[in-house]
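# Chain and residue survey
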Amino acid sequence: MSTPLIIIIVLLIILVLMYNSLVAKKNQVDNIFASVDAQLKKRYDLIPNLVASVSKYMEHEKSILEEITKLRSEANKPNLSEKEKIDLDAKVSSALGSIMVAVENYPELKANENVMHLQRSLNEVEEQIAAARRAYNQAVTDYNNALEMIPTNFMASAMGYKPKDVFVITDEERKNLDVGELFNR
Amino acid sequence: MKSISQLTDFYYNKLYPELKILEEERKKIKKRIIKIGTLYLLFVALISFFLYKSFSLDILAFFLIFALAATKWLYTYLIKDYNIDFKHKIIAPLISHIDKTLNYTPTQHISSAAFNRSRLFATRPDRVSGNDYVKGTIDGIAIEFSDLLAEKKHRDSKGRESWETIFLGLFIVSEFPKHFHGETVVLPDSAQKIFGDLLGGWLQKNNGSRSELVKMDNIEFEKEFVVYSTDQIEARYILTPSMMEKLLAYKKKIQHPIYISFIGGNIYLAIEYNSDMFEASVFHSLLEYKIAMEYIQTLHLAVGIVEELKLNQKLWSKL
């Protein structure tokens, strides 16, 4: 075999490997997003129940309850992009957080078995979502790295791949409940 | 759970009468070992000299290997009664002082089935032995641990048998409070340490005997450990940011390589001490602080995982 031919074959193999690794990374992102989505849906399914259980007692928090119901119906719309879903998730997380904080103000609610059960379910789903988000962020980081690093970046731009967004883990989520703040309201 | 200082108090106060008797015994045995050992050495040297003069080097080598094995056997034989006494009078009360529900059997060990189930070591052992088996429940969490030695048999071209050590140390199995279906394995990160990030990372990714590599989002954890799992999301569900911190803290306390896996609702921990723990000290006094601490600390670390890793916080206990 002549030398040019060997060089061409080697180059071809490298191109194929690069192409495959990019596709694999993109599919990994899509795959994990599907799991994130499933977990988010689980949480959205809990919302109507939660709103129904707490609305009787919560007089001052009507606006949050209305907001979260609105967010849920938005999230149930078909054909949402990944970015929209990620943004909605952040809003829902913070709204749910404030409802949970508000529950602490109502002794009847805290003792209500139904609410307690919902809180537990939400906690469990939140943990699952947190894990799925972290997995998604890692997959996106791998994907985005490939899009920016030499030599895969040339290939990626030729394939029309665009960088993707990661979930922002907000400070509010990291923070634990501040009991002092509850009394100041 | 009792703290280390409480256990140390117990060791030096409550166990003192027993320790005193054992200490006398130890001194006698030490003398006997030195006496018999010297005679034995002279005997071996004499025979070696004779073999060397009249036969080939091969036979001499064969004899020396035999003599070495015999030395080990002789030593074990000499300290046997003393060691059994020590375990019954010191280790057993110490364990029941930590928690009454803990059951201690000096001669048993974690089953080889449990060792294989853990998937911590890629090589399947042909022989699993051990001792000092402890089983019980701490805060409602089932836990068992023991000294364990797992070995693989090799045969060379001449048909001679040899045993390679896969693992020697403390092996702990405990219930894990979260539900999961896949298999997640956390190993000491040797590749990245030896070969650096780039090549080491590549080697980890292409480890044929393991499932998918999971990159964790805690830099220090990534440096110390490498994670493989059948499920990217589940691995993170188990290894939450706080669990990673706890495992790092636990590793720092232990100061030995540690292998962890999460399989079938259990957490498996293998701590590679590379020695048999909880054996009676012969050449150092049992009253020495350093020797006492070795027994107490090892026990405390093993039983302590339930508290240390917060395994007792069942799924909903946050509320």
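First, a word on scope: everything that follows refers to the structure included in this document. Just so it is clear, the model here is predicted, and its values are computed rather than measured.

To continue, consider the pairing of strand β7 (residues 225-229) of chain B. Residue and element names in this part refer to chain B. In terms of residue burial, β7 counts as a mostly covered element, since five of its five residues are buried. Residues F225, V227 and S229 line one face of β7 and the alternating positions V226 and Y228 line the opposite face, and both faces are buried. Two elements, strand β5 (residues 183-188) and β7, share five bridges in a ladder whose sense is antiparallel. Across the sheet, T184 pairs through a bridge with S229, a residue of β7. Direction of pairing for strand β6 (residues 212-214) relative to β7: antiparallel, over a ladder of three bridges. Its bridge partner being in β7, E212 is matched across the sheet by S229.

This brings us to the interface of chain A and chain B. Facing the 14 residues of chain A at the interface are 10 residues of chain B. Listed by contribution, the elements that provide at least two residues to the side of chain A that touches chain B are α1 (3-55) and α5 (113-148) of chain A. Of the residues forming the side of chain A that touches chain B, the biggest block, 12 residues, is contributed by α5 of chain A.

Residue and element names in this part refer to chain B. Strand order across the open sheet formed by nine strands is β1-β2-β3-β4-β9-β8-β5-β7-β6, with antiparallel pairing between neighbours. This sheet does not close on itself; its edge strands, each paired only once, are β1 (103-105) and β6. Here the strands of the sheet are splayed against their neighbours by 20° on average, with no regard to which way each runs. Two elements, β1 and strand β2 (residues 127-138), share three bridges in a ladder whose sense is antiparallel.

This paragraph deals with unusual backbone geometry. Here the bond from I150 of chain A into P151 of chain A is cis, since omega is 5°, no more than 30 degrees from zero. With respect to the element layout, P151 of chain A can be found in the loop between α5 and α6 (152-159). Even without a glycine there, the phi angle at D139 of chain B is positive, about 55°. Of the residues examined, D139 of chain B has 14 C-beta atoms within 10 Å and is grouped as partly exposed. The phi dihedral of Q255 of chain B falls on the positive side, at around 60°, and the residue is not glycine. Here Q255 of chain B shows up in the loop between α8 (241-254) and β8 (258-263).

The rules we used
- Residues numbered from 1 in each chain as written.
- Chains lettered and ligands numbered in written order.
- Predicted model: local features only at pLDDT ≥ 70, side-chain atom pairs only at ≥ 80, totals over all residues.
- Buried ≥ 20, exposed ≤ 12 C-beta atoms within 10 Å, placed from the backbone.
- Helix = DSSP H or I, 4+ residues; strand = E, 2+ residues; numbered from the N terminus.
- Pairing = 2+ DSSP bridges.
- Contact = placed C-beta atoms within 7 Å.
- Axes fitted to C-alpha atoms, helices over the stretch in contact; angles between N-to-C directions.

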